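Here's the letter readout for the chains.
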Amino acid sequence: MKKLTNPGKISIIAVIVLLVSLWFFPMWRIDLRAPQYPGGLSMKIWINDVKGDVDIINGLNHYIGMSTIHKKDFPEFVFLPTTMMVFMILGLVVLVLNRKIGYYLWTGVFTFIAIFSFYDFYKWEYNYGHNLDPAAPIKVPGMSYQPPLFGYKKLLNFEVLSQPDVAGWCYICAGVILVSAVIYEWKKSVTK
Amino acid sequence: MKKTLITLCTVAAVATIHSCKMKTADSAVSGDAASKVYVAPGKYDEFYNFVSGGFSGNVTVYGLPSGRLLKTIPVFSVFPENGYGYSEETKAMLNTTNGKVDWDDQHHLELSQTNGKHDGRWLFANANNTPRVARIDLTNFRTQEILQIPNSAGNHSSPFCTENTEYIVAGTRFSVPMGDADVPISSFKKNFKSTASFISVDKNTGRMKIAFQIVLPGMNLDLSHAGKGPSHDWFFFSCYNTEQAYTMLEVNASQKDKDFIVAVNWKKAEEYAKSGKGHTLPASYAHNTFDENTQKASTVMEKDVLVLDPKDCPDMVYMIPCPKSPHGADVDPTGEYIVGSGKLAALIPVFSFDKIQAAIKNKTFEGDFYGIPVIKYEAALHGEVKKPGLGPLHTEFDGKGNAYTSMFLSSEVVKWRISDLQVLDRAPTYYSVGHIMIPGGDTREPYGKYLVAYNKITKDRYLPTGPELCQSAQLYDITGDKMQLLLDFPTTGEPHYGQGLPASMIKDKQVKFFDINKNHNEFVSMGEKNTKVVRNGNRVDVYMTAIRSHLTPDNIEGVFVGDDVYFHVTNLEQDWDIPHGFAVKNSSSVDLLIMPGETQTIKFTPVKQGIYPFYCTDFCSALHQEMSGYLRVSAKGANVPLKFGSGVTAPETAAK
């Protein structure tokens, strides 16, 4: 079994450090802007919470029959931190075992978590935007209010921008490091 | 031909002479004035201008240089627009020893100071008619406290403050007997007194308290200002009617060539008060405070007041002769010069603080007034501004060694230099100017950019509106050698004095909404689930909530004619600028305007049976028109059970 290179080992530490940021900064932000909200509204999604102008957004959503957002409705806020914690511990295990194969598997787990999280986020946005109260005061034919997964979208009078926040960028950075390290380790083992 | 030419020349000459002599008001503005006052949409004004509301009893807030009205702050008068003085929470703010007094005459304003400069914390306002002093918080632009002043009538020389807001003063315009004595008016000289009250202000909370009253001979105290810098320990009051007339004052109080500036050493007075030189006299006066926590105003009736008599307190009060019926008493930014404005005098006397001190030291007195030493006029005088105009009233300063005095009779503002007393410039006002205001112009550091003249008469300035016309303010640019008129703007009530400070000092401190978690109003409904209707005898308490776009409960039955129904409406919103209104059909008092996170209560006593719709009065959302409900009022003794709800359709059987 091939051992990890030094850069490979360092990358494990770097990835763990980057992921620690998830507990200190928001992962994702959805910004809304409308004429009557000159300062804009912002919803910040953390690994274990949703913060920002959630109450105000909830207040607005009742016109179009969207369900209100409450922290307690998200099982993700429990299992995502747990998953990430386990993932970071696995990183330490990979470091101790010091085997390339471990690193490849670890990256695989990361990729799986990332894809699953995005899928879960999309699904939540889809439900949130499509499952409207049939008794809603305002109904626009053919209109759904699904926020963009990533990027800009116009929803009625609101402009909506969805993008990673600080911890999200750290997470993406961790992903880039992992993939780069896998390639690096792979090449090293082939040339040797 | 020649004849025609001569005739034409004559006509031209006469026309020219005519236009020179009779200058009209509309030609007074020069080219770039518009650009100097234009505040583009989306941009903010540079200064807040707080203007006294005169007989409206309110304070109004304008932006400068645009002159746009930003807010009316109700202080001494009930205000239907937002329920001030009508709601159960605010009623007590207007309590006095004469019951609830719903109106007053609001003359002067003063911003709190630290080290002689604005600190952007509080705005103080006086009530002239029922003597009171109010404190307004500059984070929420609301009246927080009102203190009644005993032994006073016409609280005119008020509410000016010392350099660190140690004290706010309240000086009597009309002399009256101490207490409630019943005496003949003709016993004026013997029984009538004027008082100068010193109200201490708590450094942290702003809470006011009458620390002591100085009792002075019967006369009319008019205006005042505190010393600064070297004259920090002193307060200067102007007075008139030292003739002590009590009838036909127009003539009888205008006989003497000189009245006085009353110089009070408040530090000495403070020492005397502490060392027990004063007498505690029984007095009764209301002290009203608004508790942010419980969101409720309450009244405490104070029992006595500490009075200092100059007879017992040497070196506390001196008189400085001042021609003739002085109105303004204004202290320049250095604190060295005190400008008296004899409203009937043809000159402006300027006194020197150094010279006053020297005269006191050397006892250069010309006698006494009821035992109070009168300093020799010449000994106190820095000099006189000769021929400044007619009817000097008030003086403000630009911080560059210049003074600006309003001239009531000649309707102009005159700029003069303090050092050599030379008149530098004059600008017409439209018309009959009272106070003038330079932002910071009565502090140690005037901002010196604009001057606002508050005018009494506005005929021909705006579109006519029947016999009753608005009052007016005029804005001048004072950055150059010549004053430049920039703008006229209408004002509410009769504006007397104003205060101005840079917007940047307070704009970011503004409260945007009240945190509902800190709402400790005893009738708050924390969420719609906690709404209810409770009957206790003939009192019915409705605990209601308002949120876009419904009221909960919105159906109430089982209320009877003659019940006292208290609607306690909590605005559940937690967003800036989302108040909700609340009114009931045929409401006997007024509506409410409830800020986000706040609870307000209105009392409604139905006199007839019927269905009474209630609704939100402030267009809050796309579904504002739907934000309503029904109160059913039944005849007394009817068999209708108490019932309330929201979103529940009543069973058919219950419908009769």
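Structure: see above.
Here the structure is a predicted model, which means the values were calculated and not measured. (Residues numbered from 1 in each chain as written. Chains lettered and ligands numbered in written order. Predicted model: local features only at pLDDT ≥ 70, side-chain atom pairs only at ≥ 80, totals over all residues. Heavy atoms only, no water.)

Description of unusual backbone geometry
All names here are of chain B. Following S158, the chain continues to P159 via a peptide bond in cis, the omega torsion being 0°. Tracing the chain through its elements places P159 in the loop between strand 10 (155-157) and strand 11 (167-172). The linkage connecting Y430 with the following residue, Y431, adopts the cis geometry, with an omega of -10°. Summarising the element assignment, Y431 is placed in the loop between strand 30 (423-428) and strand 31 (433-437). Unusually for a residue other than glycine, N115 sits at a positive phi of about 55°. (Helix = DSSP H or I, 4+ residues; strand = E, 2+ residues; numbered from the N terminus.)

A look at the sheet that holds strand 46 (residues 643-645) of chain B
All names here are of chain B. Pairing is mixed across the open sheet formed by six strands, whose spatial order is 42-41-44-45-39-46. One side of each edge strand has no neighbouring strand; the edge strands of this open sheet are strand 42 (592-594) and strand 46. Within the sheet, the average angular offset between the axes of one strand and its neighbour, ignoring direction, is 20°. (Pairing = 2+ DSSP bridges. Axes fitted to C-alpha atoms, helices over the stretch in contact; angles between N-to-C directions.)

Quick notes on the interface of chain A and chain B
For an interface, size is often stated in terms of accessible area lost upon the parts coming together. The partner chain B presents seven residues to the six residues of chain A that form the contact. Both faces considered, chain A and chain B share a buried interface measuring about 570 Å² in area, 58% of it formed by carbon and sulfur atoms. Among the residues chain A hides against chain B, the three largest losses belong to A:I56, A:H62 and A:Y63. Together they make up 59% of the total. Here chain A is connected to chain B by zero salt bridges. Taken together, the links from chain A to chain B amount to three residue pairs in polar contact (both at pLDDT 80 or more). For the side of chain A that touches chain B, a count of residues per class yields five nonpolar, one polar and no charged. (Contact = heavy atoms within 4.5 Å. Buried area = accessible area lost by both parts, 1.4 Å probe. Salt bridge = Lys/Arg side-chain N within 4 Å of Asp/Glu carboxyl O. Polar contact = N/O pair within 3.5 Å; in protein donor to acceptor, adjacent residues only side chain to side chain. Nonpolar A, V, L, I, M, F, W, Y, C, P; charged D, E, K, R; others polar.)

So, the pairing of strand 27 (residues 392-397) of chain B
A regular strand carries its side chains on alternate faces of the sheet. All names here are of chain B. With respect to burial, strand 27 is a largely interior element, six of its six residues being buried. In this sheet, strand 28 (residues 402-407) lies alongside strand 27 in antiparallel orientation, the contact comprising four bridges. For T395, the partnering residue across the bridge sits in strand 28 and is T405. (Buried < 20%, exposed > 50% of the residue type's maximum accessible area, 1.4 Å probe, protein only.)

Looking at the packing of helix 4 (residues 100-130) of chain A against helix 5 (residues 166-191) of chain A
Helix-helix packing: each pair is described by the crossing angle between the helix axes and the interaxial distance. All names here are of chain A. At a closest axis distance of 10 Å, the pairing of helix 4 and helix 5 adopts a crossing angle of 150°. Judged by the angle between their axes, helix 4 and helix 5 are roughly antiparallel. Viewed along their axes, helix 4 and helix 5 form a crossing whose handedness is left-handed. Contacts between helix 4 and helix 5 pair K100, Y103, Y104, W106, T107, F110, I113 and A114 from the former with Y171, A174, G175, I177, L178, A181, V182, E185, W186, K188 and S189 from the latter. Broken down by class, the residue content of the contact of helix 4 with helix 5 amounts to 13 nonpolar, three polar and three charged. (Parallel < 35°, antiparallel > 145°, perpendicular 65-115°, else oblique. Left-handed = near helix turned anticlockwise from the far one by under 90°.)

Without other data, these values stay purely geometric and don't point to any function.
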